[in-house]
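As a plain string of letters, each chain reads:
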Amino acid sequence: MVALLVRLKLSLLRTSLQRSVWRTVGIVIGAAYGLGVAVLAIVGQAALRFAAPEYAAPASVVGLSALTLGWMILPILTVGFDDTIEPGRFALLPVRARELLPGLVLAALIGIPGVVTVIAVLVGQLVVWSVSLPALLAALVCVPLGLVTCVLLSRLVVTAAGAVFGSRRFREIAMVVFMLLVSSIGIVVNLASAAARSVGGQLTERLVSLADVLGWSPLGAAWSVPGEVAAGRWGSAGGRLVVALVVAALAARLWELALSRALTSPLSGSSSAAAVASHGWLDRVFGSTPTGAVAARALRYWRRDPRYLSGGLSALVMPLIIGTVSLTTSRDVGGPGLHALYAAPLILGIVVSATTANDLSYDGSAVWTHVTAGVSGRQDRLGRVLVNGVLGLLVGLVFLGIALGVTRDAGPLPAALAATLALLLGGLAAGTAVGAAIQVPAVPAGANPFRTRSGGGAMGLASAGLTLTGTVVLALPGLVLAGLALWRMSGPEGLWVGLAAVLGSAAAGCGVLWLAIVKAGEQLDRTWPEVLARVSASDE
Amino acid sequence: MTSPAIATVGLAKRFGDKVAVAGLDLAVPRGSLFGLVGPNGAGKTTTLSMITGLLRPDAGQVIVEGHDVWVDPPAAKALMGVLPDGLRLFDRLSGRELLRYVGLLRRVPVADVDRRSAELLDVLGLAADADRLVVDYSAGMTKKIGLACALIHAPRLLLLDEPFEAVDPVSGETIRSILHSFVAGGGTVVLSSHVMELVERLCDHLAVIAEGRVLASGSVESLRAGRPLQERFLELLGAHSLGEGALTWLHSSSASS
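## Thoughts on the overall build of chain B
- Check the secondary structure of chain B and you find nine helices and 10 strands.
- When its C-alpha atoms are laid out on the principal axes, chain B stretches across 65 × 50 × 40 Å.
- Per-residue burial for chain B yields a buried fraction of 53% across its 257 residues.
- Once local pairs closer than 6 in sequence are excluded, the contacts in chain B between residues at least 24 apart make up 66%.
- As displayed, chain B offers around 11,300 Å² of accessible surface, 54% of which is attributable to carbon and sulfur atoms.
- The distance from the centre of the 25 positive side-chain charges to the centre of the 29 negative ones in chain B is 5 Å.

Here you go:
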């Protein structure tokens, strides 16, 4: 069964390579990038081993715990572009979840992120723990254990998210729980750093104490065993090994339960007979032009399509972390304290750009409606940008309002507003341009996020990378103006410089955005059929 | 008869090594109810996609009411109402919202959109479900709302891919009468199907397609030549029956494992 699933994943990868030249190019770029990351990571670990062996253990634990966290968080942020094998597909075959599980874990590691992770961690850690034979043996056992735990936790999170996002009733609850979790990350980080400060305040000592906490946590237990063995702390090593084994076993058991549920009820999406609130005023607000219709539809999708919601959630993650950290550190002297709240809305532009870039991919083959109705590329782009822009701006203004209310200091406000506008408008411009050029087959709304989307990963990565780079580059003029406003903030001319920065940033951003909409619209007009072919590749 | 409503010349499309449509010439007379029939994989959907501007042909030309679809897409698209098969709808909208959306995209005045969509929902038996999300519709209801979307801008031509699939007999009869009245009003309908009886009963013209080519085309009367159409169809395609002793292991009584 293991070999069968691995072969299945390999042939899925192979067919995705053969499908289109651009996808192949995307995968090759992704692979080259991944190889670079792996080499860097291995070199870094080797350098640690020889240059600063005393910090090899804590640095490994912290770094690899972060990696584990990344494996858990990434699938949520990229809902819709997951390229793993969907267990529901096996529902008609006489197999049990327990038989599928090992194969699915291995199959999840096949692909660029998985292979890069395995190579970088396995090779790097074996180099690090070549200090003594017992440590090396411990690493040989615990590194694979940690890697498997990574996959198990990641799959578990995806399954849980799928169950939650799949049903509309739980979405609001999930949102609240997620928010609480995220804010608690901020508090934990803060508490950990406070604890570290009380020890001595040195960065390295903070690292050691952080590693000590993580080493007993589900994230870092497996990674911390070799270090304890190397140091001869056998009792501590044994304890951590037990924690690691229990975590892996628990995750495996939970995932197995989720798998058997997927095998017995593969049909996702609970049908509902209830009428939806249509909010007819939306149609009146946006008018009856094609552009307005696209905008009204996009706004309804923000409310009804869970993929937009999860994107929106990630917009609130950073501000919440910044908020909790700055609120709990406000009594410290010298730190940025409450004023850090002004930085909270900056992340908005990046999130808005990602959502804008994914718009067409999310629509999937439904885009045919635009193609046959003769919707022009400009109408399509403008309608979507309007909604994402207005939503981003509203949330940004709320954040700035909160920052103003809490700090009671309007000084940084113009600079923060200029920077927010720059990133928001730059993000919309980059997103709308990249979205017209690159589409990735996405999992349909409400479908099980386990569904197979092979090959989308690398193109998704390319799209995200281009969008992020484009956002920052296009926002640069406004950001420079914002920096200027911040610099002259306390001078007598501060208010005027600030006002000029806001206006300049808005004007530059709007200009770039309009240019992007026009160019992306022309691109769409030329390539509508090809766009449709790319986004509907997943509906076959 | 004047120039055809739709004419394709040497239409061709290949996907990788597989030739889907190989130099297809088709002439759909104006005011006809035209059936496109052929076995699975004959190239019906591919042909319809290229006629409606959804799929760029590798070679060939499509002329719709004098407009070249691939030279001046907007002009040709404005004349066509399309119901594709196997493509999703914007299904997070309710039936009513979806109709309104398509109507507005096609620049139909709001008052007309509201009046027409109410009437279409009523005629197609979707009025009770008009405010539910399309994603929660059954396959047949989805087909019907798709048909309503194709009709909302009162097109001159209707291009329907498998319009009767998954539709119940009562709704099927409704759709038939809609199509008949559409043609009576001067419109042209092209529909694809692999159900011969249906095409025979409904259409006045048809083309038999296999392996991306037109095997026969003309009025139903002339193609039938006095025999049941199904017989002619099988004859054209070179039908094959199950051989003696094939698939006997499927018989439960054969008792082999």
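## Re the interface of chain A and chain B
- Contact residues are listed per partner, giving 46 residues for chain A and 31 residues for chain B.
- Taken together, both faces of the contact between chain A and chain B bury some 3,400 Å²; the carbon and sulfur share is 59%.
- It is Tyr301(A), Trp368(A) and Thr372(A) that lose the most area in chain A upon contact with chain B, and together they represent 18% of the buried surface on that side.
- Across the chain A-chain B interface, the total number found is four salt bridges.
- In this structure, Asp283(A) and Arg100(B) form a salt bridge, with 3.4 Å as the shortest nitrogen-oxygen distance.
- If you list the elements that add at least two residues to the side of chain A that touches chain B, you get helix 7 (168-199), helix 12 (290-304), helix 15 (368-372) and helix 19 (494-535) of chain A.
- If one sorts the elements of the side of chain A that touches chain B by residue count, helix 12 of chain A sits on top with seven residues.

## Considerations on the pattern of salt bridges
- Within the structure shown, the criterion is met by 33 salt bridges over all chains.
- Notably, a salt bridge pairs Asp363(A) with Arg297(A), separated by 3.4 Å at the nearest N-O pair. Here the residue Asp363(A) occupies a position in helix 14 (residues 346-363), and Arg297(A) occupies one in helix 12, the gap between them amounting to 66 residues.
- The class of Asp363(A) is buried, set by a relative accessible area of 5%.
- When the shortest N-O distance is used, the salt bridge between Glu97(B) and Arg300(A) registers 3.3 Å.

## Some thoughts on the sheet that holds strand 7 (residues 157-161) of chain B
All names here are of chain B.
- Read from one edge to the other, the open sheet built from six strands follows the order 6-7-8-3-9-10, with strand pairing classed as mixed. Each edge of the open sheet is held by one strand with a lone partner, namely strand 6 (80-83) and strand 10 (213-219). Direction aside, neighbouring strands of the sheet carry axes that sit 15 degrees apart on average.
- Note that strand 7 and strand 8 (residues 188-193) share five bridges and pair parallel. For Leu 157, the partnering residue across the bridge sits in strand 8 and is Thr 188.
- Along the sheet, helix 1 (residues 44-51) makes contact with strand 3 (33-37), strand 6, strand 7 and strand 8, crossing strand 7 at roughly 150 degrees.
- Packing of helix 5 (residues 139-151) onto the sheet brings it into contact with strand 6 and strand 7, and relative to strand 6 it is tilted by some 170 degrees.

## Describing the nonpolar core
- Among the nonpolar cores identified, the biggest contains 104 residues, and Val64(B), Met80(B), Leu98(B), Ile145(B), Leu179(B), Val189(B) and Leu191(B) are the most heavily contacted of them.
- In terms of residues, this core owes the most to one element, helix 5 of chain B, which gives seven residues.
- Excluding its chain neighbours within four sequence positions, the residues that come into contact with Leu98(B) are Leu89(B), Phe90(B), Leu93(B), Val134(B), Ile145(B) and Cys149(B).
- Among the nonpolar cores identified, the runner-up in size contains 34 residues, and Ala97(A), Trp223(A), Trp255(A) and Leu259(A) belong to it.

## Brief notes about helix 17 (residues 413-437) of chain A
- In a regular helix each residue adds 1.5 Å, so 25 residues correspond to 36 Å; helix 17 of chain A covers 36 Å between its end C-alpha atoms and thus fits that length.
- Counting buried positions over the 25 residues of helix 17 of chain A gives 21, a clear majority of the element.

## Remarks on the sheet that holds strand 2 (residues 18-28) of chain B
Residue and element names in this part refer to chain B.
- Across the sheet, four strands lie side by side as 2-1-4-5; this open sheet has antiparallel pairing. Across the chains shown, the open sheet's two edge strands, defined by having one partner strand only, are strand 2 and strand 5 (67-68).
- In terms of strand pairing, strand 1 (residues 6-15) meets strand 4 (residues 59-64) through five bridges, oriented antiparallel. By the bridge assignment for strand 4, Val 9 is matched with Gln 61.
- The sheet strands contacting helix 1 are strand 1, strand 2 and strand 4, and the helix crosses strand 1 at an angle near 120 degrees.

## A word on the environment of Val220(B)
All names here are of chain B.
- Locating Val 220 in the fold gives a position in helix 8 (residues 220-224).
- Taking C-alpha positions, Val 220 is 20 Å from Leu 24, a pair spaced 196 residues apart along the chain.
- The residues contacting Val 220, other than those within four sequence positions of it, are Cys 203, Asp 204, His 205, Leu 206 and Leu 229.

## Considerations on the pairing of strand 10 of chain B
Residue and element names in this part refer to chain B.
- Sheet topology places strand 9 (residues 205-210) next to strand 10; six bridges connect them, and they run antiparallel. Its bridge partner being in strand 10, Leu 206 is matched across the sheet by Gly 218.
- The turn linking strand 9 back onto strand 10 is made up of two residues, and Glu 211 within it adopts a positive phi angle of 50 degrees.

## Focus on helix 9 (residues 229-237) of chain B
Residue and element names in this part refer to chain B.
- Along helix 9, the residues classified as buried are Leu 229, Arg 232 and Phe 233. Seen end-on, helix 9 carries its buried residues on one side only, within an arc spanning 100 degrees.
- Taken together, the buried residues of helix 9 touch strand 3, helix 7 (196-202), strand 9 and helix 8.
- Looking one or two residues past helix 9, Gly 238 carries a phi angle of roughly 70 degrees, positive in sign.

## A look at the confidence of the model for chain A
- Residue-level pLDDT values for chain A average 80, and 78% of them are 70 or greater.
- Taken as a whole, residues 446-455 of chain A scores under 50 in pLDDT and shows 46 contacts with residues more than four places along the chain or in a different chain.

## A look at the packing of helix 16 (residues 377-407) of chain A against helix 19 of chain A
Residue and element names in this part refer to chain A.
- Two elements in contact, helix 16 and helix 19, have axes whose closest approach is 7 Å; the angle formed by their N-to-C orientations is 135 degrees. Classed by the angle they form, the pair helix 16 and helix 19 counts as oblique. The interaxial crossing formed by helix 16 with helix 19 has right-handed handedness. Between helix 16 and helix 19, the contacting residues are Gly 377, Arg 378, Asp 380, Arg 381, Leu 382 and Val 385 on the first element and Leu 513, Trp 514, Ile 517, Val 518, Ala 520, Gly 521, Leu 524, Asp 525 and Trp 528 on the second.
- The residue inventory of the contact of helix 16 with helix 19, partitioned by class, reads nine nonpolar, two polar and four charged.

## Some details on unusual backbone geometry
Residue and element names in this part refer to chain B.
- Residues other than glycine seldom take positive phi values, yet Glu 162 does so here, at roughly 50 degrees.
- Of note, Glu 162 is situated in the loop between strand 7 and helix 6 (169-184).
- In this structure, Glu 211 takes a positive phi of about 50 degrees despite not being glycine.
- A relative accessible area of 68% places Glu 211 in the exposed class.

About the cut-offs
Residues numbered from 1 in each chain as written. Chains lettered and ligands numbered in written order. Predicted model: local features only at pLDDT ≥ 70, side-chain atom pairs only at ≥ 80, totals over all residues. Heavy atoms only, no water. Helix = DSSP H or I, 4+ residues; strand = E, 2+ residues; numbered from the N terminus. Buried < 20%, exposed > 50% of the residue type's maximum accessible area, 1.4 Å probe, protein only. Contact = heavy atoms within 4.5 Å. Areas by Shrake-Rupley, 256 points an atom, 1.4 Å probe, with all protein chains shown as cover. Lys, Arg positive; Asp, Glu negative; His and termini not counted. Charge placed at Lys NZ, Arg CZ, Asp CG, Glu CD. Buried area = accessible area lost by both parts, 1.4 Å probe. Salt bridge = Lys/Arg side-chain N within 4 Å of Asp/Glu carboxyl O. Pairing = 2+ DSSP bridges. Axes fitted to C-alpha atoms, helices over the stretch in contact; angles between N-to-C directions. Core = buried A, V, L, I, M, F, W, Y, C linked by side-chain atoms within 4.5 Å. Expected span 1.5 Å × (residues − 1). Arc of directions from axis to C-beta. pLDDT = per-residue confidence, 0-100. Parallel < 35°, antiparallel > 145°, perpendicular 65-115°, else oblique. Left-handed = near helix turned anticlockwise from the far one by under 90°. Nonpolar A, V, L, I, M, F, W, Y, C, P; charged D, E, K, R; others polar.

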